[in-house]
Amino acid sequence: MERNHHLHRQLANLRQSFFDQGYLDEQFIQLEELQDDANPNFVEEVVTLFYKDSARLIHSIDQALEKHPLDFAKLDSYMHQFKGSSSSIGAKKVKIECTQFGEYCRAGNVEGCKRTFQQLKREYAVLRKKLEAYFQFVRQIGPIETASRPN
Amino acid sequence: MEKMANELHVLAVDDSHVDRKVIERLLKISSCKVTAVESGRRALQYLGLDGEKTSVGIDGLKVNLILTDYSMPGMTGYELLKKIKESSALSKIPVVIMSSEKILPRIDRCLEEGAEEFLLKPVKLSDVKRLRDFILRGEGDNEETEKKIKEGSSRKRKFHEDSSTQSMPSSLVTGHDIQSKPESSAASVSQQPLPKQPKIG
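Along each chain, numbering runs from 1 in the same order as the chain's sequence is written. Whichever chain is written first becomes A and whichever ligand is written first becomes 1, with later ones labelled in order. Given that the model is predicted, a residue must reach a pLDDT of at least 70 before its local features are reported, and side-chain atom pairs must reach 80 or more before they are shown or counted; all residues, however, enter totals for whole chains, interfaces and linings. The basis for every side-chain value is the complete set of non-hydrogen atoms in the structure, without hydrogens or water.

Per an unreviewed UniProt entry, chain B goes by Two-component response regulator ARR6-like and derives from Nicotiana tabacum.

Looking up chain A in an unreviewed UniProt entry gives the name Histidine-containing phosphotransfer protein, with the organism given as Nicotiana tabacum. Comment text from UniProt for chain A, heading Function (unreviewed entry), reads "Functions as a two-component phosphorelay mediators between cytokinin sensor histidine kinases and response regulators (B-type ARRs). Plays an important role in propagating cytokinin signal transduction." UniProt positions are given in the numbering used here, feature names are shortened, and annotations may be inferred rather than shown by experiment.

Have a look at this one:
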């Protein structure tokens, strides 16, 4: 039992580090609050959809960035979608890159777009890796005991 | 008006798969029936845009509220709103617009076109609960609501960004804060103890 408590503590610390280091924001907590015994994996399910959407959008943007001249309107539209879903799961750093990319798009800045997109892909990869490890850990050690929320 | 007491049927429209899943969950926790579709076109199909029909979905369930994203490919939320308000069969259904962007002329345009409210994304549980209560009140007292809507036709912006700004006219709604107890036992949300609240933005 002690080991279990230790693991739960590790998990809680890992989770807290995401907020402390700015990878996730308050929206992630909003999603956690929508989980219950009947829907214990809700957050992971939403995040999995996010990976799927993101993979598609990254691919579309990569392709669009190969075209000459760049279709900034199209790029901005893809990025708007990416920003939306990042925001919906609380992916703070990724969202920041999306905003930056959008600004370069509207300014018609080719180099800025390309550079920011590389940055965005890096941030996305880091976040994805962290979240995958986190949910794997969650599954391994079982649900955290829940306390009822004080009124 | 036939509807189970305290249960709204909401038609949610959003092209984002992630957002559809989240809004669906928010609505279910708030004891609403949900039909989620991915586009304005699908929404109109579902509603059977046809002068003779009532606001009954093709599966027979009356729609009490339409909650739509603004930015969608094909038909925007605004265009969907217009089509609904232009339809004699559907114009009475309240429409709420969601958007991740707080663009004031856009918000004004939607409200002028007849949107009930404009919600800033990401939408929170408190937003949905407040909306549900507002619509339930309206449904229960339709004549009074219609009169108020006519009076408030040059309405000021009453969009909401977060639960702490309870700026809706108190005659139409009572604010609910996020700590309020869920009304149905089905919506039992178990809370993980939060070690520390992160700073918000």
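A word on the overall build of chain A. Each helix corresponds to a stretch of at least 4 residues labelled H or I by DSSP, and each strand to a stretch of at least 2 residues labelled E; elements are numbered beginning at the N terminus. Secondary structure summary: chain A contains 6 helices and 0 strands in total. Across chain A, helices and strands are ordered from the amino to the carboxyl terminus as α-α-α-α-α-α. In terms of its C-alpha atoms, chain A occupies a principal-axis envelope of roughly 60 × 25 × 25 Å. In chain A, buried positions account for 48% of the 151 residues. Long-range pairs, those at least 24 residues apart, make up 68% of the contacts in chain A with a sequence separation of at least 6. Every accessible area reported is derived by Shrake-Rupley at a probe size of 1.4 Å, with residue values counting cover from the shown protein chains alone. Total accessible area computed for chain A in this model is approximately 8,100 Å², and 50% of it derives from carbon and sulfur atoms. The convention is simple: Lys and Arg are positive, Asp and Glu are negative, and His and the chain ends are not counted. For charged residues, the charge sits on one atom: NZ in Lys, CZ in Arg, CG in Asp, CD in Glu. Here chain A carries 21 positive and 21 negative side-chain charges, and the mean point of each set is 5 Å from the other. Burial classes follow relative accessibility: with a 1.4 Å probe on protein chains only, a residue under 20% of its type's maximum area counts as buried, one over 50% as exposed, and anything between as partly exposed. Contacts between residues were defined by any pair of non-hydrogen atoms, one from each residue, lying within 4.5 Å.

This part covers the UniProt feature "modified residue: Phosphohistidine" (unreviewed entry) in chain A. UniProt's feature table lists "modified residue: Phosphohistidine" (unreviewed entry) at H80 of chain A, given in the numbering used throughout. Along the chain, H80 of chain A falls in helix α4 (residues 72–89). For H80 of chain A, a relative accessible area of 28% translates into the label partly exposed. Once residues within four sequence positions are removed from consideration, H80 of chain A is found in contact with S71, S100 and E101 of chain B.

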